Amino acid sequence: MKTKVVELKEYSSDDVGLLIQVVLTELMIIFAIINLISDALMPAFYVIVSMIMFTMAYNNIKIYKKRYMTPIYVIVGLFVLITTIVEYVL
């Protein structure tokens, strides 16, 4: 009896971080095009922008090993998120 050993692919967090950044970038482009027509989904666009900033900060530390831009990405992400909450929720 012959058994075949199947190797499982292991994904690192680097691959997942880059995938999330690509997906969020595509969503940002889609929502930007939608917001050209109507401003109904502007809060979702801003939330996606802040999520991209946080993902870029994560990828900057884990993949690129460049720590000098990370605080800027986090500060811009927090600023966009806080202004979105203040403007559209409160």
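In this text, all values refer to a predicted model and were calculated from it rather than measured experimentally.

Undergrad: What exactly am I supposed to notice about the overall build of the protein here?
TA: Looking only at helices and strands, the protein features three helices and zero strands. Shown N-terminal to C-terminal, the secondary structure of the protein runs as helices and strands in the order α-α-α. In terms of overall dimensions, the protein has C-alpha extents of about 65 × 35 × 20 Å along its principal axes. Taking contacts inside the protein between residues at least 6 apart in sequence as the whole, the part at least 24 apart equals 55%. Put simply, the protein shows about 7100 Å² of open surface, and 71% of that area lies on carbon and sulfur atoms. Once the 7 positive and 7 negative side-chain charges of the protein are each reduced to a mean point, those two points are 14 Å apart.

Undergrad: Help me understand helix 2 (residues 42-62) in this model?
TA: Residues spaced three or four apart along an α-helix point in a common direction, a consequence of the helix completing one turn every 3.6 residues. Taking 1.5 Å per residue as the helical rise, helix 2 with its 21 residues ought to reach 30 Å, and the 30 Å between its terminal C-alpha atoms agrees with that figure. Inspection of helix 2 places Met42, Phe45, Ile48, Val49, Ser50, Ile52, Met53, Thr55, Ala57, Asn59 and Asn60 among the buried residues, and these make up the whole buried set.

Undergrad: Would you mind going over the environment of Leu36 with me for this structure?
TA: One can find Leu36 in helix 1 (residues 13-37). Residue class for Leu36 comes out exposed when judged on its relative accessible area of 73%. When the C-alpha atoms of Leu36 and Tyr58 are compared, they prove to be 30 Å apart, with 22 residues separating the residues in sequence.

Undergrad: Sorry if this is basic, but what is going on with helix 3 (residues 70-89) here?
TA: Its 20 residues give helix 3 an end-to-end C-alpha distance of 28 Å, which sits within 8% of 28 Å, the value for a rise of 1.5 Å per residue. Of the positions making up helix 3, those classed as buried are Thr70, Tyr73, Gly77, Val80 and Thr84. Buried residues of helix 3 fall within an arc of 100° about the axis and therefore sit on the same side. Opposite the packed face of helix 3, turned more than 90 degrees from it, sit the exposed residues Ile75, Phe79, Ile82 and Glu87. Looking at the buried positions of helix 3, the neighbouring elements they touch are helix 2.

Undergrad: Please clarify how the packing of aromatic side chains should be interpreted in this entry.
TA: To describe a pair of aromatic rings, you give the distance between the ring centres and the angle between the ring planes. Applying the stated rule across the entire model yields two aromatic pairs. Judged by centre distance (6.4 Å) and plane angle (35°), the ring pair of Tyr46 and Tyr88 falls under tilted. Of this pair, Tyr46 sits in helix 2 while Tyr88 sits in helix 3, and the two are 42 residues apart along the sequence. Residue classification places Tyr46 among the partly exposed positions, given a relative accessible area of 29%. Every member of this aromatic cluster is reached through a ring pair, and the members are Phe45, Tyr46 and Tyr88.

Undergrad: Where do I start with unusual backbone geometry in this structure?
TA: As a rule of thumb, non-glycine residues mostly have phi less than zero, and peptide bonds are mostly trans rather than cis. If you check the backbone angles, Lys65 has positive phi at about 55° while not being a glycine. Note that Lys65 resides in the loop between helix 2 and helix 3.

Conventions we followed
- Residues numbered from 1 in each chain as written.
- Predicted model: local features only at pLDDT ≥ 70, side-chain atom pairs only at ≥ 80, totals over all residues.
- Heavy atoms only, no water.
- Helix = DSSP H or I, 4+ residues; strand = E, 2+ residues; numbered from the N terminus.
- Contact = heavy atoms within 4.5 Å.
- Areas by Shrake-Rupley, 256 points an atom, 1.4 Å probe, with all protein chains shown as cover.
- Lys, Arg positive; Asp, Glu negative; His and termini not counted.
- Charge placed at Lys NZ, Arg CZ, Asp CG, Glu CD.
- Expected span 1.5 Å × (residues − 1).
- Buried < 20%, exposed > 50% of the residue type's maximum accessible area, 1.4 Å probe, protein only.
- Arc of directions from axis to C-beta.
- Phe/Tyr/Trp six-rings, centres within 6.5 Å; stacked < 30°, edge-to-face > 60°.

By themselves, these observations are geometric and do not establish any function.
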